[in-house]
Amino acid sequence: MNTLEKLELLSENCSDNTELERILGQLLNVILTRHHQKLAIYNLDIDEFEKKYNLTSEQFKQQFNSGNLGDEMDFFEWFGLCELRKDILQKINKLEQAL
């Protein structure tokens, strides 16, 4: 059974829309909590890079994208973390709007 079929089954077996909304809200809250945990880890790692190189992430990204920084592995990891943070913030925003 695929995910859509499971959602349809859930919808068919809830006594009313209020119950379905409550269940979906709980599931979305679990996902939101996980995203906040990931965000906290990303922020800690990014903070370490900002302190190590004495740059904000915005300053770093500008310099990285313009080619002013070297090819150190740290820079690629930092850039990846910034992208992950951006993505997770968008997901958090969508989830919060849904709740």
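Note that the structure is predicted; figures quoted are calculated from it, not measured.

### Regarding the overall build of the chain
Looking only at helices and strands, one finds four helices and zero strands in the chain. The linear arrangement of helices and strands in the chain, starting from the amino end, is α-α-α-α. Relative to its length of 99 residues, the chain is extended, with a C-alpha radius of gyration of 20 Å against a globular reference of 13 Å. In terms of principal-axis extent, the alpha carbons of the chain reach across some 60 × 25 × 15 Å. Across the chain, the fraction of contacts at a sequence separation of at least 24, relative to all contacts at a separation of at least 6, is 56%. Within the structure as shown, the chain displays about 7,400 Å² of accessible surface, and the carbon and sulfur contribution to it stands at 52%. Measuring between centres, the 11 positive side-chain charges of the chain sit 1 Å from its 18 negative side-chain charges.

### Looking at the pattern of salt bridges
In a structure, side chains of opposite charge can pair up when their charged atoms sit close to one another. For the coordinates displayed, the defined rule picks out three salt bridges. The shortest N-O distance in the salt bridge between Asp 74 and Lys 52 comes to 2.7 Å. Of this pair, Asp 74 sits in helix α4 (residues 73-98) while Lys 52 sits in helix α2 (residues 17-53); the two residues are 22 residues apart in sequence, bridging distant segments of the chain. Look at Lys 52 and you get exposed, because its relative accessible area is 55%. The residue Glu 58 makes a salt bridge to Lys 61 at a minimum N-O spacing of 3.2 Å. Linking Glu 58 with Lys 61, this pair stays in helix α3 (residues 57-65), spanning three residues, or about one helical turn.

### Some details on the packing of α2 against α4
Their axes nearest at 9 Å, the elements α2 and α4 cross at an angle of 150°. Accordingly, the angle class assigned to the pair α2 and α4 is roughly antiparallel. As α2 packs across α4, the resulting crossing turns out to be left-handed.

Rules used in this analysis
Residues numbered from 1 in each chain as written. Predicted model: local features only at pLDDT ≥ 70, side-chain atom pairs only at ≥ 80, totals over all residues. Heavy atoms only, no water. Helix = DSSP H or I, 4+ residues; strand = E, 2+ residues; numbered from the N terminus. Rg over C-alpha atoms; globule rule 2.2 N^0.38 Å. Contact = heavy atoms within 4.5 Å. Areas by Shrake-Rupley, 256 points an atom, 1.4 Å probe, with all protein chains shown as cover. Lys, Arg positive; Asp, Glu negative; His and termini not counted. Charge placed at Lys NZ, Arg CZ, Asp CG, Glu CD. Salt bridge = Lys/Arg side-chain N within 4 Å of Asp/Glu carboxyl O. Buried < 20%, exposed > 50% of the residue type's maximum accessible area, 1.4 Å probe, protein only. Axes fitted to C-alpha atoms, helices over the stretch in contact; angles between N-to-C directions. Parallel < 35°, antiparallel > 145°, perpendicular 65-115°, else oblique. Left-handed = near helix turned anticlockwise from the far one by under 90°.

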